[in-house]
Structure formats: structure tokens, C-alpha cells
Amino acid sequence: MSAIDLAAISAAQTRLLAEIGKPIELLDRGTGKRVVVSPADAAHPEAYLPVFLISAETLWLELTGTGFALDVSRTPDSALGYAVRKVRAGSFTVVMLCLIDVTMRLAEMDDALVLNHLIDFWGEAHGRIADFAPTLQGAT
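Residues numbered from 1 in each chain as written. Predicted model: local features only at pLDDT ≥ 70, side-chain atom pairs only at ≥ 80, totals over all residues. Heavy atoms only, no water.

Asker: What should I look at first to understand the pattern of salt bridges in this one?
Answerer: A side chain with one charge may pair with a side chain of the opposite charge, provided their charged atoms come close. Following the criterion strictly, the structure yields five salt bridges and no others. Two residues, aspartate 110 and arginine 34, come together in a salt bridge whose shortest N-O distance is 2.9 Å. Linking aspartate 110 in the loop between helix H4 (92–109) and strand E5 (113–114) with arginine 34 in strand E2 (residues 34–37), this pair joins segments that are 76 residues apart in sequence. Between arginine 85 and glutamate 46 there is a salt bridge, with its nearest N and O atoms 3.0 Å apart. Of the two residues, arginine 85 is situated in strand E4 (residues 82–87) and glutamate 46 in the loop between helix H2 (39–42) and helix H3 (49–64); the sequence distance between them amounts to 39 residues. Residue class for arginine 85 comes out partly exposed when judged on its relative accessible area of 37%. Several salt bridges share partner residues, and in doing so they unite Glu25, Arg34, Asp110 and Asp111 into one network. (Salt bridge = Lys/Arg side-chain N within 4 Å of Asp/Glu carboxyl O. Helix = DSSP H or I, 4+ residues; strand = E, 2+ residues; numbered from the N terminus. Buried < 20%, exposed > 50% of the residue type's maximum accessible area, 1.4 Å probe, protein only.)

Asker: How should I be thinking about the packing of helix H1 (residues 6–20) against H4 in this particular structure?
Answerer: In a pair of packed helices, the angle between the axes and the distance between the axes together describe the arrangement. Packing of H1 against H4 leaves a shortest axis separation of 11 Å and a crossing angle of 30 degrees. As far as their axial angle goes, H4 and H1 are roughly parallel. The way H1 lies across H4 gives a crossing that is right-handed. Here Ala8, Ile9, Ala12, Gln13, Leu16, Leu17 and Ile20 of H1 lie close against H4, whose contacting residues are Phe92, Val95, Met96, Leu99, Ile100, Thr103, Met104 and Ala107. In terms of residue class, the contact of H1 with H4 is built from 13 nonpolar, two polar and no charged. (Axes fitted to C-alpha atoms, helices over the stretch in contact; angles between N-to-C directions. Parallel < 35°, antiparallel > 145°, perpendicular 65-115°, else oblique. Left-handed = near helix turned anticlockwise from the far one by under 90°. Contact = heavy atoms within 4.5 Å. Nonpolar A, V, L, I, M, F, W, Y, C, P; charged D, E, K, R; others polar.)

Laid out in C-alpha cells, this is it:
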């Protein structure tokens with residue numbers, strides 16, 4: 001299976017974030033200050049797209065038991081220290097539907113899209129997945 005066009009995912013996510021019309025912010029949990037992030041930066045593969053995709057993949061994993069086979073690598077110079085290189089499984093449509101779902105959940109939480117909440121989504125879903133992981137493993 002060939003990889004899904006990462007530039008197309010990034011461009012579509014950038015448009016989605018811009019169309020929502022809320023500010024995109026990153027919360028410094030130490031100081032409580034918020035830093036504004038542009039839609040293009042939020043959707044960049046070496047900025048915050050990895051955490052959007054991991055959250056979206058977690059949603060898909062919870063629904064189907066399969067992921068997107070994300071290729072995420074350490075990149076010390078990037079915003080989070082990681083960059084997404086490839087999305088090797090699923091389809092553009094499935095990935096975007098999951099990204100839309102995660103992004104709309106994020107938009108409903110606050111007066112801004114606070115990127116830190118994506119980590120919370122992942123953690124909550126990860127806990128639910130851990131509850132039924134033995135069932136998935138037994139099915140293989």
C-alpha cells in the first residue's frame with residue numbers, strides 16, 4: 001500500500017483550522033500563558049500535525065482496531081521534537097474524517113483551539129484502548 005500524500009493532509013488540515021475561525025493556541029502549563037499558532041504551523045508535519053494525526057489515529061484505532069501506520073521520527077529542531085514523515089495506512093478520506101472529528105472536538109472545548117488538549121484526547125482514548133487490547137490480541 002502506498003503512503004497517503006502528507007502535503008494534501010497538511011493542506012486540508014490548514015484549511016479546516018482556518019475555516020473554524022477560532023484562534024489556535026498552545027498553553028504553557030508552567031506559566032498559564034497562551035501562545036498563538038497559525039493554522040499553517042498547526043498543520044505542518046514538523047510542528048503540530050503529528051499530535052493531530054496521533055489523536056486521529058487513536059480514534060480510528062478505538063473504532064476499528066487498526067491504525068494509520070504513522071511514520072513519526074525524532075527531529076530535535078521541530079516544534080515538538082517529532083515530525084510525521086508518512087501516513088502508510090488508511091485512506092485520505094478516513095484520515096481526514098478522523099482529523100475533522102478530533103479538530104471539532106477540540107473546537108467545542110474552549111474559546112480557542114488549545115493544542116494541549118490533543119494530548120488529553122490521546123490519553124483518554126489510550127486508556128479505553130488498553131481496556132480492550134487483550135481482546136484484540138486474542139483475535140489475531
